[in-house]
Amino acid sequence: MKIRKIMVIGAGQMGSGIAQVCAQAGYDVILYDISEENIEKGMRNIEKNLVRQVEKQRMNEEGKEEVLAKVTPSAALQDASSVDLVIEAVVESMNVKRDIFARLDEITPDHTILASNTSSLPVTEIAAATDRPEKVIGMHFMNPVPVMKLVEIIRGLATSDEVYKKIEEVTKAIGKMPVEVNDFPGFVSNRILMPMINEAIYTLYEGIATKEAIDEVMKLGMNHPMGPIQLADFIGLDTCLSVMEILHEGFGDDKYRPCPLLRKYVKAGWVGKKAGRGFYTYD
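Since this is a predicted model, take the numbers as computed values, not measurements.

Asks: Looking at this structure, I do not really get the overall build of the protein chain. What am I missing?
Replies: Looking only at helices and strands, the protein chain features 11 helices and eight strands. Its C-alpha atoms give the protein chain a radius of gyration of 19 Å, near enough to 19 Å, the size a compact globule of 283 residues would have. Judged by the C-alpha coordinates and their principal axes, the protein chain covers about 55 × 45 × 30 Å. Here the protein chain holds 283 residues, and 49% of them are scored as buried. Contacts in the protein chain between residues far apart in sequence, at least 24 positions, make up 67% of those at least 6 positions apart. Only carbon and sulfur atoms are counted for the fraction: they give 50% of the accessible area of the protein chain, which is about 13900 Å². The positive charge centre, built from 33 side chains, and the negative charge centre, built from 41, are 3 Å apart in the protein chain.

Asks: For this particular structure, what's the right way to read the sheet that holds strand β6 (residues 136-141)?
Replies: Within a sheet, each strand pairs with its neighbour through backbone hydrogen bonds, oriented either parallel or antiparallel. With mixed pairing, eight strands are arranged side by side in an open sheet as β3-β2-β1-β4-β5-β6-β7-β8. With one partner strand each, in any of the chains shown, β3 (71-74) and β8 (177-181) form the two edges of the open sheet. If you compare each strand with its neighbour and ignore which way they point, the axes differ by 25 degrees on average. Strand direction decides the pairing type here: strand β7 (residues 150-155) and β8, joined by five bridges, are parallel. Note on β8: the bridge partner recorded for L150 is M177. Against the sheet, helix α1 (residues 13-24) makes contact with β1 (5-9), β2 (28-32), β3, β4 (85-88) and β6, and its axis sits at roughly 170 degrees relative to β2, the strand it touches most. Along the sheet face, helix α6 (residues 161-173) touches β4, β5 (113-116), β6, β7 and β8 and points at about 170 degrees away from the line of β7.

Asks: Please explain the domain arrangement of the protein chain as it appears in this structure.
Replies: Interfaces are often sized by the amount of accessible area the parts lose when they come together. What the domain assignment reports for the protein chain is domain 1 (5-182) and domain 2 (190-274). Using C-alpha coordinates to define each centre, domain 1 is positioned 27 Å away from domain 2. Taken together, the contacts link five residues of domain 1 with four residues of domain 2. A buried area of about 400 Å², summed over both sides, lies between domain 1 and domain 2, and 52% of it is on carbon and sulfur atoms. The largest per-residue losses of area from domain 1 upon contact with domain 2 belong to E92, S119 and S120, which jointly make up 68% of the total buried on that side.

Asks: For this particular structure, what's the right way to read the UniProt feature "domain: 3-hydroxyacyl-CoA dehydrogenase NAD binding" (unreviewed entry) in the protein chain?
Replies: Sites flagged by UniProt as "domain: 3-hydroxyacyl-CoA dehydrogenase NAD binding" (unreviewed entry) map to residues 5-183. Split by type, residues 5-183 is 41% helix and 22% strand. Its first and last C-alpha atoms lie 27 Å apart.

Asks: Help me understand the environment of E61, please; the structure alone is not making it clear to me.
Replies: Topologically, E61 is positioned in helix α3 (residues 61-69). Along the chain, E61 and A19 lie 42 residues apart, while their C-alpha atoms are 19 Å from each other. Side-chain polar atoms of E61 contact the side chain of K64, separated by 2.8 Å.

Asks: Even after reading the chapter, I still don't get the layout of surface pockets, so can you show me in this structure?
Replies: Empty pockets left among the atoms are what a rolling probe the size of a water molecule brings to light. Empty space within the second largest pocket amounts to approximately 160 Å³. If you trace the second largest pocket, you find it lined by M94, L121, P122, E125, P185, E245, I246, E249 and G250. In terms of residue class, the lining of the second largest pocket is made up of five nonpolar, one polar and three charged. The residue makeup of the lining of the second largest pocket includes at least three contributed by each of domain 1 (5-182) and domain 2 (190-274).

Asks: How should the pairing of β6 be read in this particular structure?
Replies: One face of the sheet, then the other: side chains in a regular strand alternate in exactly this way. Counting buried positions over the six residues of β6 gives six, a clear majority of the element. Burial along β6 is two-sided: V136, G138 and H140 facing one way and I137, M139 and F141 facing the other are all buried. Relative to β6, β5 runs parallel, the two being bridged by three bridges. When the bridges of β6 are listed, S116 appears paired with G138. Sheet topology places β6 next to β7; five bridges connect them, and they run antiparallel.

What counts and how
Residues numbered from 1 in each chain as written. Predicted model: local features only at pLDDT ≥ 70, side-chain atom pairs only at ≥ 80, totals over all residues. Heavy atoms only, no water. Helix = DSSP H or I, 4+ residues; strand = E, 2+ residues; numbered from the N terminus. Rg over C-alpha atoms; globule rule 2.2 N^0.38 Å. Buried < 20%, exposed > 50% of the residue type's maximum accessible area, 1.4 Å probe, protein only. Contact = heavy atoms within 4.5 Å. Areas by Shrake-Rupley, 256 points an atom, 1.4 Å probe, with all protein chains shown as cover. Lys, Arg positive; Asp, Glu negative; His and termini not counted. Charge placed at Lys NZ, Arg CZ, Asp CG, Glu CD. Pairing = 2+ DSSP bridges. Axes fitted to C-alpha atoms, helices over the stretch in contact; angles between N-to-C directions. Domains from an automatic or database assignment. Buried area = accessible area lost by both parts, 1.4 Å probe. UniProt positions renumbered as here; feature names shortened; annotations may be inferred. Polar contact = N/O pair within 3.5 Å; in protein donor to acceptor, adjacent residues only side chain to side chain. 1 Å grid on protein atoms, 1.4 Å probe; cavity = no way out; pocket = protein on both sides within 12 Å on 5 of 7 lines; lining within 4 Å. Points joined across faces, edges and corners; volume = space filled by probe spheres on them. Nonpolar A, V, L, I, M, F, W, Y, C, P; charged D, E, K, R; others polar.

Next up, the structure:
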């Protein structure tokens with residue numbers, strides 16, 4: 001089975017980025033979202049990224065138009081009936097993802113692979129909502145998708161070798177580097193990254209240093225391109241909290257307990273750059 005047509009579920013920052021890289025690789029892409037406003041915003045994000053590529057002379061105007069023509073916006077999940085691969089990139093909620101996968105299981109052809117861009121939730125549990133767990137897999141892209149090379153590929157308990165190989169091929173075709181990991185909370189990337197961010201927030205909470213000082217220590221001392229407090233703002237504090245809660249619940253270990261200051265900021269709606277305010281303020 002050759003993958004020719006892909007549906008991306010969710011037209012947010014991650015979903016639009018995934019749609020863009022798939023279209024640039026020559027795949028026909030349907031960008032689906034339940035919200036027309038989100039679809040329009042997602043399409044604008046793709047166009048804005050491509051314009052930037054033209055300005056940097058990495059792509060010509062004709063190439064930009066060809067990529068845009070490969071992406072079809074849709075507010076009808078039923079359009080998944082014609083695709084070979086679905087990549088889901090919605091909110092990090094098990095209930096939401098299981099509901100979508102159960103519906104996709106009914107709509108899509110038997111050969112269609114169902115992939116989730118989950119950053120921390122068990123792929124095995126998502127797959128259990130379908131009658132094709134062997135065709136369910138995790139594809140965890142990094143943000144921003146057009147720039148970052150890594151894709152964690154997560155096998156569920158039932159994921160077949162054939163499906164893994166097919167997703168590995170697609171990942172390479174879209175210019176990314178696939179890395180295989182097993183189905184444990186947080187996988188590899190977030191199991192290591194999020195506790196570091198959480199600990200950085202604890203050092204701020206305990207008054208050990210200012211946020212600027214904490215970020216400078218990690219940038220200058222550890223050669224990180226961005227400090228952990230600022231990175232948390234860019235990821236979204238609500239996302240950071242969600243991942244820490246999944247780690248805490250999944251492992252039952254208090255070393256994953258979310259910092260109270262992180263909870264406080266999320267409750268205040270100060271969830272980072274996307275809200276205009278997190279630990280830092282943004283225009």
